[in-house]
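Residues per chain are reported as follows:
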Amino acid sequence: MALTQQLARVSPQYLAWCREAAAASPDGDPRWEPPESDTLDLDWAVWELLRLYRHAHPGAHEIAVLDRAIHGDADGRVGFLDHPTVHDGFDAPPAVLAPAAVREVARELSRVDIAPVLEAALPAYREAGGFSGFAGDPRACLVDHFTLLRRFYRAADERGMAVVVWAD
């Protein structure tokens, strides 16, 4: 089973409810079941986009924006979601971005234009071994997944929701 980047839009109240459910459960089950319409599986594309930026433009502001969007903030760990029904335990436990942080990330993502780095750096990155398992041109895949990420955060911001992020 391949690892993929997962995101979920949730209300702070839902997170509090999950925390209480985990505390009351003998096995710590948070009863995590956000609506499917509020979840996003970004597969591996955003990780590869981050690697491309780090390879081509190591100091680019986009790196911090993308990294925060998929890893959350350092103080955002939600240990009660570190449960087998949510997270497989392979990577770091889930993290949450509170609504104020979601607003910041949504604004920053709206300013990111990945087209220039794809145009300028993708050929050399591929020659250096990037996207080794990808047949064909990965541009459309990267653009599609980045667009999904941006829309996901914009919708979370518009609804005043938090975003939980994890790899599974």
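Turning to the confidence of the model for the protein, a few remarks are in order. Confidence along the protein averages 92 in pLDDT terms, with 99% of residues attaining 70 or more. The least confident element of the protein, judged by mean pLDDT, is helix α5 (residues 115-127) at 91; the most confident is helix α4 (residues 99-111) at 98.

Within strand β1 (residues 5-10), 6 of the 6 residues are buried, which leaves the element mostly enclosed by the surrounding structure. By the alternation rule, side chains of β1 split into Gln 5, Leu 7 and Arg 9 and Gln 6, Ala 8 and Val 10, which are all buried. Direction of pairing for β1 relative to strand β4 (residues 162-167): antiparallel, over a ladder of 6 bridges. In the sheet register, Arg 9 faces β4, and the bridge partner there is Val 163. As judged from the 3 bridges shared by β1 and strand β2 (residues 39-41), these two strands associate in the antiparallel manner. Within β2, the residue paired with Gln 6 across the bridge is Asp 41.

For Asp 73, the location among the structural elements is in the loop between α3 (61-71) and β3 (95-97). Through-space distance from the C-alpha of Asp 73 to that of Leu 97 is 6.5 Å; in sequence the pair is 24 residues apart. Here Asp 73 is in contact with Arg 68, Val 96, Leu 97 and Ala 101, once residues within four sequence places are set aside. A distance of 2.6 Å separates a polar atom in the side chain of Asp 73 from a polar atom in the side chain of Arg 68.

Bringing the pairing of β4 into the picture now. The buried fraction of β4 is high, at 6 of 6 residues. In β4, alternate side chains face the same way, and those of Ala 162, Val 164 and Trp 166 on one face and Val 163, Val 165 and Ala 167 on the other are all buried. Pairing geometry for β3 and β4, over 3 bridges, is antiparallel. By the bridge assignment, Ala 95 is partnered in β4 with Val 165.

Quick look at the side chain of Asp 157 now. You can see Asp 157 is positioned in helix α6 (residues 139-158). Take Asp 157: its relative accessible area is 17%, and that puts it in the buried class.

Further remarks concern the nonpolar core. The nonpolar side chains of a soluble globular protein tend to be buried, and buried together. Of all hydrophobic cores here, the largest spans 42 residues; its most connected members are Leu 7, Leu 49, Tyr 53, Leu 66, Leu 109, Leu 149 and Tyr 153. Of all the elements in the fold, those that place two or more residues in this core are α2 (45-56), α3, β3, α4, α5, α6 and β4. The contact partners of Leu 149, leaving out residues within four places of it in the chain, are Leu 7, Leu 40, Leu 42, Val 46, Leu 66, Ala 69 and Leu 109. The next biggest cluster of nonpolar side chains, apart from the first, holds 15 residues, and it includes Ala 8, Leu 15, Val 164 and Trp 166.

Turning our eyes to something else, we now look at the pattern of salt bridges. Across all of its chains, the model carries 10 salt bridges by this definition. Here Arg 68 and Glu 104 are joined by a salt bridge, their closest N and O atoms 2.8 Å apart. In this pair, Arg 68 sits in helix α3 while Glu 104 sits in helix α4, placing the two residues 36 residues apart along the sequence. Of the residues examined, Arg 68 reaches a relative accessible area of 23% and is grouped as partly exposed. Salt-bridge contacts for Arg 139 lead to Glu 119; the nearest nitrogen and oxygen are separated by 3.6 Å. In this pair, Arg 139 sits in helix α6 while Glu 119 sits in helix α5, placing the two residues 20 residues apart along the sequence. Overall, the relative accessible area of 58% leaves Glu 119 in the exposed class. Within this structure, Arg 9, Asp 38 and Arg 159 form a network of salt bridges that share partners.

Thresholds applied
- Residues numbered from 1 in each chain as written.
- Predicted model: local features only at pLDDT ≥ 70, side-chain atom pairs only at ≥ 80, totals over all residues.
- Heavy atoms only, no water.
- pLDDT = per-residue confidence, 0-100.
- Helix = DSSP H or I, 4+ residues; strand = E, 2+ residues; numbered from the N terminus.
- Buried < 20%, exposed > 50% of the residue type's maximum accessible area, 1.4 Å probe, protein only.
- Pairing = 2+ DSSP bridges.
- Contact = heavy atoms within 4.5 Å.
- Polar contact = N/O pair within 3.5 Å; in protein donor to acceptor, adjacent residues only side chain to side chain.
- Core = buried A, V, L, I, M, F, W, Y, C linked by side-chain atoms within 4.5 Å.
- Salt bridge = Lys/Arg side-chain N within 4 Å of Asp/Glu carboxyl O.

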